[in-house]
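Single-letter residue listing:
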Amino acid sequence: MSNDPLLQPYRLKHLVLKNRVMSTSHEPSYAEDGMPLERYRLYHREKAKGGIALTMTAGSALVSADSPAAFGNLHAYKDEIVAPLKALVDDVHEHGAAAMIQLTHLGRRTGWNKADWLPVLSASPVREPAHRAFPKEAEDWDIERIVADYAAAAERMKAAGFDGIEFEAWGHLMDAFWSPATNRRQDEWGGSLDNRLRFTWSVVDAVRAVVGPEFIVGIRMVADEDWDKGLSREEGVEIARRMATSGKIDFLNLIRGHIETDAALADVIPIQGMRSAPHLDFAGEVRAATKFPVFHAGRVQDVATARHAIAAGKLDMVGMTRAHIADPHIVAKVMAGQEDRIRPCVGATYCLDRIYEGGETLCIHNAATGREARMPHTIERAPTSRRVVIVGAGPAGLEAARVAGERGHSVTVLEASDRAGGQVNVLAANPRRREMIGVIDWRVAELERLGVEVRYNTFADGQDVLSLDPDVVVIATGGLPQAPEMAGEDLVTSSWDIITGEVKAAGRVLVYDDGGGHAGMTAAEVAARAGAQVELVTPERILAPEMGGMNHVPYMRAFHETGTKITINMRLNGVRREGNELVATFGSDFSPGWSEERRVDRVVVEHATRPLDEIYFDLKPQSRNLGVVDYAALRGTGPIFPEKNAQGSFVLYRIGDAVAARNIHAGIYDALRTGIRW
């Protein structure tokens, strides 16, 4: 047996967990009408196949109809959920992992104008800024029915075969009764700590009455809201003690902080550039105070930190939730002595940003996560080895090379610069985002393992490619910055030049962001941090619509700290020079004829990229498919490269920004779904 602390079994009541690694409850937003069907099931099964001891589903499953889904939540209040959940649990159990589910009533953390349009409620009528609903104060009859709903939902979860459940008490209804920030009641449900816990104990007792004393019941709870008007550390730890000594709760899943705004949430679930595992020591302190099973997750993104958490006695089970979105096979790789092959979580938080913006969980650089029905996490070898040439060593090109190498093909990558990375090298020039280079470093290491040849400082043309006698040519040359069509295009500076330091920002700098993502925001941040007087202007009605709320947080902190001015709803029409100044002229989409000018020292423009596609069009006439990709086949089955030219000697296609400006995930998905088909 291994001496690795992470690989030691852990006994929780009657349940033996085979190691100390878990994925905590989170909502990937894969449900269909609130039901966890194939996509949801396969997502959890993959983690079980990857060796994890415990996968927690739902974040959280809803116990009542007046708790409408805020981010694709499961409908635990419906009887029909039992059958698909049982299929999920059976799949997870088949691979030796345990499965639990989180139950909640969202309280004020949702909106009223969805689902059945029932009023949002909370302990008191205190609004949650993030979801903007003004809740009503829960009445006695609300409390009575919700307690009954918890019990009925728990009974369904037991019928589905789960190994246990946990209650969510972190920004939801249950802890809204705990916190002085959200409980202003003067009745028996408010005031003293005993009164504020009355709702929780009512739920626990009702659930225990239907699931029995042996079924595992835990709670994910905030034990310190880290907020001058919220639940104090002293009271939070006291609640943890009471849970631990009650005989009714089997584990504590601890968290620290409050989550009613994007800024607060990012401190609890830190993103790129923020501290690793910021609440781990606190969880360990609560474990020491309670002498009770403690679970915790919070940017524990690497095996070394997870191992430390267990070895130092801070946790009994360590949650590596976002890390498993990046690589669901972490434990299997640890067991095989292949920790260096774990695909790293780079903290991009693309996964959570998509959920909170109404999308689905996707990893910035693992396109198989959430697509397990069609996209493999482990690449199978091809029946026939081919000669593959890939032009470009950005994230898309490197992924194409990795997939081709895993398939057993002979692969050569031609890269114009002296290093791999492409546009990732640009964005990683911002110190706060340097973790993104992990997207590149992991792939470069995998290519070395696979024996893939990468030729740097090779600005390839068509003849260079043809000289390698390829069967398949993949164009992954990315793109270069472009300005919108306007007068004075030659007078503007690209966001890339500011981010990389090629051009120093000084004086009055106007950043025009027509991309809506990280690049324009980063350029503004870099310029402001360099001491420039910055105004960030966008034609959009909101700032950076292509970026989610959690990634928005550090930018806004920087803008407030540096006095950066933000202006929306203005479109840049042109730039001219007058003496030593640049004059930017703006118009309005809303008021034709309206205009406004800014006199500045530099105009920085972010308008995405134009494809570097000359080599593609040079090679296209000589290819067998003439560059054609059969999209119907790509989305389904069958050959994706139709024969269009009998004289052609190779298949040709392009991926990523060499097609059109998109993002890292799009390029990597392009590479994976085409690469596994030849």
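Cut-off values and rules
Residues numbered from 1 in each chain as written. Predicted model: local features only at pLDDT ≥ 70, side-chain atom pairs only at ≥ 80, totals over all residues. Heavy atoms only, no water. Helix = DSSP H or I, 4+ residues; strand = E, 2+ residues; numbered from the N terminus. Contact = heavy atoms within 4.5 Å. UniProt positions renumbered as here; feature names shortened; annotations may be inferred. Pairing = 2+ DSSP bridges. Axes fitted to C-alpha atoms, helices over the stretch in contact; angles between N-to-C directions. Salt bridge = Lys/Arg side-chain N within 4 Å of Asp/Glu carboxyl O. Buried < 20%, exposed > 50% of the residue type's maximum accessible area, 1.4 Å probe, protein only. Phe/Tyr/Trp six-rings, centres within 6.5 Å; stacked < 30°, edge-to-face > 60°. Lys NZ or Arg CZ within 6 Å of the ring centre and 35° of its normal. Core = buried A, V, L, I, M, F, W, Y, C linked by side-chain atoms within 4.5 Å. Expected span 1.5 Å × (residues − 1). Parallel < 35°, antiparallel > 145°, perpendicular 65-115°, else oblique. Left-handed = near helix turned anticlockwise from the far one by under 90°.

A. Broad picture of the environment of Met-274. Topologically, Met-274 is positioned in the loop between α8 (262–268) and α9 (280–290). When the C-alpha positions of Met-274 and Leu-414 are compared, they lie 35 Å apart, and in sequence the two are 140 residues distant. Discounting residues that sit within four places of it in the chain, Met-274 has contacts with Ala-266, Arg-299 and Arg-557.

B. The UniProt feature "domain: FAD/NAD(P)-binding" (unreviewed entry) in the protein, seen in detail. The UniProt feature table records "domain: FAD/NAD(P)-binding" (unreviewed entry) at residues 387–585. The span residues 387–585 is 34% helical and 25% strand by assignment, and the distance between its end C-alpha atoms comes to 52 Å.

C. Just the sheet that holds strand β16 (residues 472–475), in detail. Ordered by their spatial adjacency, 5 strands build an open sheet running β15-β14-β13-β16-β27, and the pairing between neighbours is parallel. Each having just a single partner strand, β15 (453–455) and β27 (651–654) make up the two edges of the open sheet. The mean angle between the axes of side-by-side strands here comes to 15°, regardless of whether they run parallel or antiparallel. Where strand β13 (residues 387–391) meets β16, 4 bridges bridge the pair, whose relative direction is parallel. Counterpart to Val-389 in the pairing with β16 is Val-473.

D. How the structure looks around the pattern of salt bridges. For the structure on display, the rule yields 52 salt bridges. Residue Arg-508 pairs with Asp-601 through a salt bridge whose shortest N-O separation is 3.3 Å. Taken as a pair, Arg-508 in strand β19 (residues 508–513) and Asp-601 in the loop between β24 (595–600) and β25 (602–606) lie far apart in primary sequence, 93 residues in all. Residue classification places Asp-601 among the partly exposed residues on the basis of a relative accessible area of 35%. Where Arg-654 meets Asp-613, a salt bridge forms, and the shortest distance between an N and an O atom there is 3.6 Å. Taken together, the residues Arg-654 in strand β27 and Asp-613 in the loop between β26 (609–611) and α21 (614–619) connect sequence positions 41 residues apart.

E. Summary view of unusual backbone geometry. Following Gly-59, the chain continues to Ser-60 via a peptide bond in cis, the omega torsion being 10°. Looking at the secondary structure, you find Ser-60 in strand β4 (residues 54–62). Backbone geometry at Leu-626 places phi at a positive 55°, although glycine is not the residue there. With respect to the helices and strands, the residue Leu-626 is situated in the loop between α21 and α22 (631–635).

F. Representation of the packing of aromatic side chains within the structure. This structure, assessed with the given rule, holds 12 aromatic pairs. For the pair Tyr-30 and Tyr-43, a centre-to-centre distance of 5.2 Å together with 90° between the ring planes defines the contact as edge-to-face. Residue Tyr-30 is found in the loop between β3 (21–23) and α1 (38–49), and its partner Tyr-43 is found in helix α1; the two are separated by 13 residues along the sequence. Among the residues examined, Tyr-30 registers a relative accessible area of 3% and is labelled buried. When the ring of Phe-251 is compared with that of Phe-295, the centres are 4.4 Å apart and the planes differ by 15°; the resulting orientation is stacked. Highlighted residues: Phe-251 in strand β10 (residues 251–255) and Phe-295 in strand β11 (residues 294–297), separated in sequence by 44 residues. Feature note: the residues Tyr-150, Phe-167, Phe-177, Trp-189 and Phe-199 constitute an aromatic cluster, connected by ring pairs. We note Arg-371 situated over the ring of Tyr-669; from NZ or CZ to the ring centre the distance is 3.7 Å. Positioned above the aromatic ring of Tyr-555, the side-chain terminus of Arg-432 is 4.5 Å from the ring centre.

G. Expanded view of the sheet that holds β11. Sheet architecture is closed into a barrel: 8 strands sit in the order β3-β4-β5-β8-β9-β10-β11-β12, paired in parallel fashion. Each strand axis lies, on average, 25° off the axis of its neighbour in the sheet, ignoring direction. Across the sheet, helix α2 (residues 82–94) is in contact with β4 and β5 (98–104); its angle to β5 comes to roughly 145°. Packing of helix α3 (residues 140–159) onto the sheet brings it into contact with β5 and β8 (164–169), and relative to β5 it is tilted by some 165°.

H. Quick peek at the nonpolar core. Core analysis: the biggest nonpolar cluster contains 111 residues, and Ile-165, Phe-167, Trp-178, Phe-199, Ile-219 and Met-221 have the highest contact counts within it. For this core, the element with the highest residue contribution is α3, accounting for 8 residues. One finds Ala-348, Leu-362, Val-472 and Ile-655 within the second-largest nonpolar core, a separate group that totals 45 residues.

I. Representation of the UniProt feature "domain: NADH:flavin oxidoreductase/NADH oxidase N-terminal" (unreviewed entry) in the protein. When the UniProt feature table is mapped to this numbering, "domain: NADH:flavin oxidoreductase/NADH oxidase N-terminal" (unreviewed entry) covers residues 6–339. Structurally, residues 6–339 is divided into 36% helix and 16% strand, and its ends, taken at the C-alpha atoms, are 12 Å apart.

J. Examining helix α19 (residues 518–529) more closely. Taking 1.5 Å per residue, 12 residues should reach 16 Å; α19 reaches 16 Å between its end C-alpha atoms and fits that length. Looking at α19, one finds that the buried residues are Gly-520, Met-521, Thr-522, Ala-523, Ala-524, Glu-525, Ala-527 and Ala-528. Taken together, the buried residues of α19 touch α18 (495–500), β19, β20 (533–537), α20 (549–562) and β25. Of the residues trailing α19, Gly-531 is marked for its positive phi of about 105°.

K. Local environment of the packing of α1 against α2. At a minimum axis distance of 8 Å, the contact between α1 and α2 shows a crossing angle of 15°. In terms of their interaxial angle, α1 and α2 are classed as roughly parallel. In the crossing of α1 with α2, the sense of the turn from one axis to the other is right-handed. Of the residues in α2, those in contact with Tyr-40, Arg-41, His-44, Arg-45 and Ala-48 of α1 are Ala-87, Leu-88, Asp-91 and Val-92.

L. Expanded view of the packing of helix α14 (residues 395–406) against helix α23 (residues 664–675). Orientation of α14 relative to α23, taken along the N-to-C sense of each, is 25°, at an axis distance of 8 Å. In terms of their interaxial angle, α14 and α23 are classed as roughly parallel. Both α14 and α23 take part in a crossing whose hand is right-handed. Only Ile-664, Gly-667, Ile-668, Ala-671, Leu-672 and Gly-675 of α23 make contact with α14, whose side of the interface consists of Pro-395, Ala-396, Glu-399, Ala-400 and Val-403.

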